[in-house]
Amino acid sequence: SAIDTRVHYVRRGTAGSAIGNLLVPDLMPSDHLHLTAITPALGPEADGYVHRAIDAAAGVGATVSFATNYPAALWDRAAASMAIRRIARRATIVMASEDEFDLIATGGVEQGVGELLDAGVRMVLLKRGSHGAVCSDAPARSRSRVAQCL
């Protein structure tokens, strides 16, 4: 079957911020759910929808990836951090750049990776720009340098 690859980017206060009114079962069943911080930044309804979508994904055994992609134009950093940390701890895979890592964990990268793995995240990918990326996974807690990110 064909894979639907449409991406919808909407901003706070627009019709897209009413995503909370959509039914989560419309997303599932699916093998994987990918989220970014853009959706919860749209408002409380959208944030609630993200958590219902994570619940639905868990209910069908789907993996959940979360990339911070911090939308500074939509959210102040303090408010974003609280919401992002809640979502990150519920994801299977978490991706963040070095300059966004403080949004998902406290105490620096090493401690933060440990916090996420302890919370049940199976893989943490730290994007390092032109220096590639570092991947840490559980339960082995192994670390790999990713030479090239596609």
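Residues numbered from 1 in each chain as written. Predicted model: local features only at pLDDT ≥ 70, side-chain atom pairs only at ≥ 80, totals over all residues. Heavy atoms only, no water.

1. Quick word on helix α4 (residues 108-118)
Argument step 1. Taken together, the buried positions of α4 are occupied by G112, V113, G114, L116 and L117.
Argument step 2. Contact partners of the buried residues in α4: α3 (77-88), β3 (93-97), β4 (123-127) and β5 (133-137). (Buried < 20%, exposed > 50% of the residue type's maximum accessible area, 1.4 Å probe, protein only. Helix = DSSP H or I, 4+ residues; strand = E, 2+ residues; numbered from the N terminus. Contact = heavy atoms within 4.5 Å.)

2. Observations regarding the packing of aromatic side chains
Argument step 1. All chains considered together, the criterion is met by zero aromatic pairs.
Argument step 2. The ring centre of Y70 lies 5.1 Å from the NZ or CZ of R77, which sits over that ring. (Phe/Tyr/Trp six-rings, centres within 6.5 Å; stacked < 30°, edge-to-face > 60°. Lys NZ or Arg CZ within 6 Å of the ring centre and 35° of its normal.)

3. Description of the side chain of D47
Argument step 1. Note that D47 resides in helix α2 (residues 44-59).
Argument step 2. Residue D47 is classed as buried on the basis of its relative accessible area of 14%.
Argument step 3. Setting aside anything within four residues of it in sequence, one finds D47 in contact with P40, A83, R86 and I87.

4. Comments concerning unusual backbone geometry
Argument step 1. For N69, which is not glycine, the phi dihedral falls at a positive 40 degrees.
Argument step 2. Along the chain, the position of N69 falls in the loop between β2 (63-67) and α3.
Argument step 3. Of the residues examined, N69 reaches a relative accessible area of 31% and is grouped as partly exposed.

5. Description of the pattern of salt bridges
Argument step 1. All chains considered together, the criterion is met by five salt bridges.
Argument step 2. One salt bridge connects R86 with D47, and the closest N-O pair in it is separated by 3.2 Å. Of the two residues, R86 is situated in helix α3 and D47 in helix α2; the sequence distance between them amounts to 39 residues.
Argument step 3. Judged by its relative accessible area of 42%, R86 falls in the partly exposed class.
Argument step 4. Measuring nitrogen to oxygen at the nearest pair gives 2.8 Å for the salt bridge that ties R77 to D102. Of this pair, R77 sits in helix α3 while D102 sits in the loop between β3 and α4, placing them 25 residues apart in sequence.
Argument step 5. On the basis of relative accessible area, R77 is assigned to the partly exposed category, the value being 33%.
Argument step 6. What makes D102 partly exposed here is its relative accessible area of 42%. (Salt bridge = Lys/Arg side-chain N within 4 Å of Asp/Glu carboxyl O.)

6. A closer look at the confidence of the model for the protein
Argument step 1. Here the protein averages 80 in pLDDT, and 72% of its residues register 70 or above.
Argument step 2. β2 holds the highest mean pLDDT among the elements of the protein, 95, whereas strand β6 (residues 143-146) holds the lowest, 56. (pLDDT = per-residue confidence, 0-100.)

7. Quick notes on the nonpolar core
Argument step 1. If you look at the biggest cluster of nonpolar residues, it comprises 35 residues, and the most contacted ones within it are L35, F66, W75, I84, F101, I104 and L116.
Argument step 2. Mapped onto this core, the elements with two or more residues apiece are β1 (32-36), α1 (38-41), α2, β2, α3, β3, α4 and β4.
Argument step 3. Once you skip the residues sitting within four places of it in the chain, I104 turns out to touch T68, I84, R85, A88, R89, V94, A96 and L116.
Argument step 4. In this structure, A67, M95, L125 and A133 belong to the second largest nonpolar core, which totals five residues. (Core = buried A, V, L, I, M, F, W, Y, C linked by side-chain atoms within 4.5 Å.)

8. A word on α2
Argument step 1. For α2, which comprises 16 residues, the first-to-last C-alpha distance of 23 Å matches the rise-based estimate of 22 Å (1.5 Å per residue) to within 8%.
Argument step 2. Listed in full, the buried residues belonging to α2 are A46, D47, Y49, V50, H51, A53, I54 and A57.
Argument step 3. On the buried face of α2, the contacting elements are β1, α1, β2 and α3.
Argument step 4. Positioned one or two residues after α2, G61 has a phi angle of 75 degrees, which is positive. (Expected span 1.5 Å × (residues − 1).)

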